[in-house]
Amino acid sequence: EETVEPLATSLDLPIGHEPSLVEGGAPEHTLGFLHSLHSDSAVLCSHGDIISGVVGQLAAEGVEFESPAAWEKGSVWELDLVRGRVVTGRYVPPPS
């Protein structure tokens with residue numbers, strides 16, 4: 001919550017809690033949550049173990065990534081969804 005609070009406050013948006021994003025969770029549950037989103041955009045915050053699992057599963061499904069797989073603390077993954085499915089992704093390293 002602390003990570004996304006400044007953004008949510010500046011955009012006057014609520015913060016929700018999603019159990020599938022919790023450290024030590026199952027990446028397949030996180031993917032299920034991603035696929036259930038009915039929005040043009042969302043900001044999700046999770047942990048390296050979840051992110052690495054999700055990126056790995058997406059790569060195994062044939063998703064094209066525009067950058068090498070990484071999950072450095074403070075980094076961002078931008079995922080493009082079409083009809084609830086991730087079609088491309090790109091890694092944005094943390095600010096220097």
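Residues numbered from 1 in each chain as written. Predicted model: local features only at pLDDT ≥ 70, side-chain atom pairs only at ≥ 80, totals over all residues. Heavy atoms only, no water.

Draft legend 1. Here's a closer look at the pattern of salt bridges. In total, this model carries three salt bridges according to the counting rule given. A salt bridge links Arg 90 to Glu 66; its shortest N-O distance comes to 3.3 Å. With Arg 90 in strand β3 (residues 85-92) and Glu 66 in the loop between β1 (64-65) and β2 (76-82), this pair connects stretches of sequence that are 24 residues apart. Residue classification places Arg 90 among the partly exposed positions, given a relative accessible area of 22%. (Salt bridge = Lys/Arg side-chain N within 4 Å of Asp/Glu carboxyl O. Helix = DSSP H or I, 4+ residues; strand = E, 2+ residues; numbered from the N terminus. Buried < 20%, exposed > 50% of the residue type's maximum accessible area, 1.4 Å probe, protein only.)

Draft legend 2. How the structure looks around a nonpolar patch on the surface. On the surface, a cluster of nonpolar side chains totalling about 370 Å² of accessible area is made up of Leu 7, Leu 11, Leu 13 and Val 43. Its location among the elements puts Val 43 in the loop between α2 (27-36) and α3 (48-60). (Patch = residues over 30% accessible without salt bridge, like charges linked within 9 Å, V, L, I, M, F, W, Y side chains within 5 Å. Areas by Shrake-Rupley, 256 points an atom, 1.4 Å probe, with all protein chains shown as cover.)

Draft legend 3. Region of the structure containing the pairing of β2. By the bridge criterion, seven bridges tie β2 to β3 in an arrangement that is antiparallel. Within β3, the position partnered with Glu 78 by the bridge is Arg 90. Where β2 folds back on β3, the antiparallel hairpin that results is connected by two residues, among which Arg 83 adopts a positive phi of roughly 50 degrees. (Pairing = 2+ DSSP bridges.)

Draft legend 4. Broad picture of the nonpolar core. Within the largest apolar cluster, seven residues are counted, these being Leu 31, Leu 34, Ile 50, Val 54, Leu 58, Val 63 and Val 86. Contributing elements (two or more residues each) for this core: α2 and α3. In this structure, Val 63 is in contact with Leu 58, Val 86, Val 87, Thr 88 and Gly 89, ignoring residues within four places of it in sequence. (Core = buried A, V, L, I, M, F, W, Y, C linked by side-chain atoms within 4.5 Å. Contact = heavy atoms within 4.5 Å.)

Draft legend 5. Main features of the environment of Leu 21. Within the fold, Leu 21 resides in the loop between α1 (5-11) and α2. In this structure the C-alpha to C-alpha distance between Leu 21 and Ile 50, which are 29 residues apart in sequence, comes to 6.9 Å. Ignoring sequence-local partners within four residues, the contact set of Leu 21 consists of Thr 30, Leu 44, Cys 45, Ser 46, His 47 and Ile 50.

Draft legend 6. Quick peek at unusual backbone geometry. The phi dihedral of Asp 12 is positive, around 55 degrees, even though this residue is not glycine. Along the chain, Asp 12 falls in the loop between α1 and α2. Look at Asp 12 and you get exposed, because its relative accessible area is 71%. Here the phi dihedral of Arg 83 falls at roughly 50 degrees; this positive angle occurs in a residue that is not glycine. With respect to the helices and strands, Arg 83 occurs in the loop between β2 and β3. According to the relative accessible area criterion, Arg 83 is exposed, its value standing at 82%.

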